[in-house]
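Topology and contacts: notes
Here's the letter readout for the chains.
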Amino acid sequence: MPGLGVTLRLTLSEDLAGRGDPAVVLGRTVPGWLDALAGLERPTRVVLHPVGADDAVVAAARRLCEESGTPLAERPADDDVVVVADAVDLPGPHLLPRLVDAVEGGVAVADARTLPVGMAGDAAADGSAAPGTGRLVTGSCLAARADTLAVIGGASGPEVVARAGSAGLVVECRVDATVLRDVRVERDGTVVPRRATGPVSPPPGASPSGHPAALPASVLGALVHEVGLAVPEPDRTQRPFLSIVTRTQGGTRLQCLEEALTCLAAQTDRDFEVVLVCHRASPEALAGVHEAVLRQPTWLRDQLRVITVDRPGRAAPLNDGFATASGRYVVALDDDDTVLSHWVETFHRLEQEAPGRVLRAGALRQDVVPVEVGAEETLCPVPTGPATAPWPLEFSMLDHLRGNSSPFMSVAFPRGVVHGLGHRFEESLDTTEDWAFLVRAAAVVGVVDAAEHTCVYRWWVGEGSRSLHDDETWAAAHAAVRHGFDQQLLLLPPGTASTLVEALDARDEVRLELRDLAAAHQGVIDDLEAALAAHRTAVSAHDEAVAARDEAVAAQVEAVDAHDRAVAAHDEAVSTRDEAVAARGEAEAARDDGLARVTELEQQVGTLRERLDQRTRLHQERIDLLREAHAVLVATKGEVPGGRSLFDLNRKQLKELITRLASEPPATTRSLLGRVRRAR
């Protein structure tokens, strides 16, 4: 039913005290909620919902609501749509209207997708959820009718989701409605609530910038100082700390761009500017970009510039964006990546440690798939699983000569790299332009690391530059970049020499291990060949026994034939009995002799057959014992007593050897014995 009122229930949690001054913390996020609420153009109110928060936190939130003129209430109206949110989080531009629309469209409980790290929770208890979105249900920011919430209850968003699932209600995640969580990420990738690290303390006056040779903390500056060359004066012009260059093409990626800008609106350190570079965007796409900018907070719009670039190539917008940047440092943030709320703050702290060096923080990887939403088919990056931390937190120049392990939004460059040294991105490269630029800069100015994950590289599954270019293109780009390294003079920072020595020592150790393994492998091959020769000998003996048996069988056949001939002779004698009456006695004697001979031959054949069968059984038993003894010797690495060969042992000795070796065999030996005996 359209036109319902909306109540924003802001949760004030007990961990707010650990995030710093409540007025400062809430002042970064609560105005965003109130502005979003005011844009609904319907009756609205705010209900403050303390969950362990102290009076100072509640007073700060109340003061912000009163200053904005937003009505405060003790409870929502009965027919309101209630949005349950955490006060320290920040809404995306379309969060509230899309959640409210979902509830008015019949969804019992509508949840939002989380930024900057896509988090996953459990779907409703009965499995009900929108197709493909159940795993995204977390309760981070949700909406439901007031009467629905009154029935299912729940003090927090996750608790509401759990109770809704138990009640059999549909819980749907609107993937195009986003909320930014104020979190940090542990070294292992675990997402936890962010704690305050203290305010950024800028050095007195303007921090120096300019040519890297003028900054002693850079590798080039240290070298110039060490060799006693004249040092240029640093640039002390008042500048913003950081210029953020964002490439975008607008169009169907406006949702991604708005998510990146939401991340910037949540930054704890606002000493930055944004250079939004529209690359080869159509007039319609450019208009969409300007509309997305207008939906951002006023302070962010005032620090944002939009420029256009029509040259082809991924590097073209980077070159123009870096050239027009006015900050002491410049960083690239593509429109499909996200950053945590302390991203700028972390870079700023690093600048105070080593001004003039490349600043580097940790980056997470999260696999996402594009999901088209709405009539405009806007692409929403939906995570397929939790974020991981595949890249090291410490920078290694040696590792980076082999490949890039620093996603581009995780490194910020001093402006002197571009405006002093004249470094530019190679526009002829279809890929890896960021890797080449990073190594060239790091080799001159050095790198300072933060052991903190502050950004998320979204890895498009089946999309992105990795799928747009084939393996040959990637290989050619890698070869071109490495060739460029060979043409460049590289300054290696202190500590690299020992790292090189350790790497070479490790390589030599591996080579020795490989040599030993090769020798052992050859020994095994020799043993196997000897066993194979023995096996062939045994097979030959077996073949001879079979041949002897065949001869005996042939003799038996011959005896049978003789018997048949004797019978025939007997028949012939009988038939001529009347004619050979006189020789009857002689013929009967001859018959008796023939029958006796047949009987004798049959006895001889039977005896021969028994001896042949016994010999075959004994021979097969010895072959089985030889195989079993060989398997045990291989598994236990044992030896035949007295250095003798297995073939020198009789059956009794073989059985005794197997019994002795197998008395307490290792697991692998028992397994081998089992397999050998089963084969027998």
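Residues numbered from 1 in each chain as written. Predicted model: local features only at pLDDT ≥ 70, side-chain atom pairs only at ≥ 80, totals over all residues. Heavy atoms only, no water.

**Notes on the overall build of the protein**
The criterion, for reference: Here a strand is any run of E in DSSP of at least two residues, a helix any run of H or I of at least four, and the numbering for each starts at the N terminus. Just to be clear, the radius of gyration here is over C-alpha atoms, and the globule rule we use is 2.2 Å times residues to the power 0.38. Only protein chains enter the accessibility calculation, which uses a 1.4 Å probe; a residue whose area is less than 20% of its type maximum is buried, one above 50% is exposed, and one in between is partly exposed. Residue contacts are defined here by distance: any two heavy atoms, one from each residue, within 4.5 Å place the two residues in contact. For the area figures, the Shrake-Rupley method with a 1.4 Å probe applies, and any residue is considered shielded solely by the protein chains shown. In this tally, Lys and Arg are treated as positive and Asp and Glu as negative; His is ignored, and so are the chain termini. To locate a charge, the coordinates of NZ of Lys, CZ of Arg, CG of Asp or CD of Glu are taken.
For the protein, the count of helices and strands is 20 helices and 18 strands. Against the globule reference of 26 Å for 680 residues, the protein gives a C-alpha radius of gyration of 43 Å, more extended than a compact globule. Dimensions of the protein along its principal axes, counting C-alpha atoms only, are 150 × 75 × 50 Å. Relative to its full complement of 680 residues, the protein shows a buried share of 44%. Expressed as a percentage of contacts within the protein between residues at least 6 apart in sequence, the contacts between residues at least 24 apart total 80%. Accessible surface, the protein: about 33100 Å² in total, of which carbon and sulfur atoms supply 53%. Computed over 69 positive and 100 negative side-chain charges, the separation of the two mean positions in the protein equals 3 Å.

**Side note on helix H14 (residues 433-445)**
An α-helix turns once per 3.6 residues; consequently, residues spaced three or four apart project the same way. Selection rule: An expected span of 1.5 Å times one less than the residue number is assigned to each helix.
Across its 13 residues, H14 extends 19 Å between first and last C-alpha, which sits within 8% of the 18 Å expected from 1.5 Å per residue. Across the 13 residues that make up H14, a large majority, 12, are buried. Within H14, the full set of buried residues consists of Glu433, Asp434, Trp435, Ala436, Phe437, Leu438, Val439, Ala441, Ala442, Ala443, Val444 and Val445. Once H14 finishes, Gly446 follows within two positions and takes phi at roughly 85°, a positive value.

**Points about the environment of Val339**
Here Val339 shows up in strand E14 (residues 338-339). Classification of Val339 as buried rests on a relative accessible area of 0%. Val339 has contacts with Pro116, Cys263, Leu264, Gln267, Leu333, Met409, Thr454 and Cys455, leaving out every residue within four places of it along the chain.

**Some words on the pairing of strand E18 (residues 447-460)**
Stated formally: Note on pairing: two strands pair once DSSP finds at least 2 bridges between them.
Along E18, 10 of the 14 residues are buried, which leaves the element largely enclosed by surrounding structure. By the bridge criterion, two bridges tie E14 to E18 in an arrangement that is antiparallel. Note that in E18 the partner of Thr338 across the bridge is Val456. As defined by bridge partners, strand E15 (residues 358-373) adjoins E18 across 10 bridges and the pair is classed as parallel. If you follow Leu364 over to E18, its bridge partner there is Val456.

**Digging into the pairing of strand E5 (residues 109-115)**
Where burial is concerned, most of E5 is hidden: seven out of the seven residues are buried. Here E5 pairs with strand E6 (residues 142-145) via three bridges, running antiparallel. From the neighbouring strand, Val109 faces E6, where its bridge partner is Ala144. Across seven bridges, E5 lies against strand E7 (residues 171-180) in parallel orientation.

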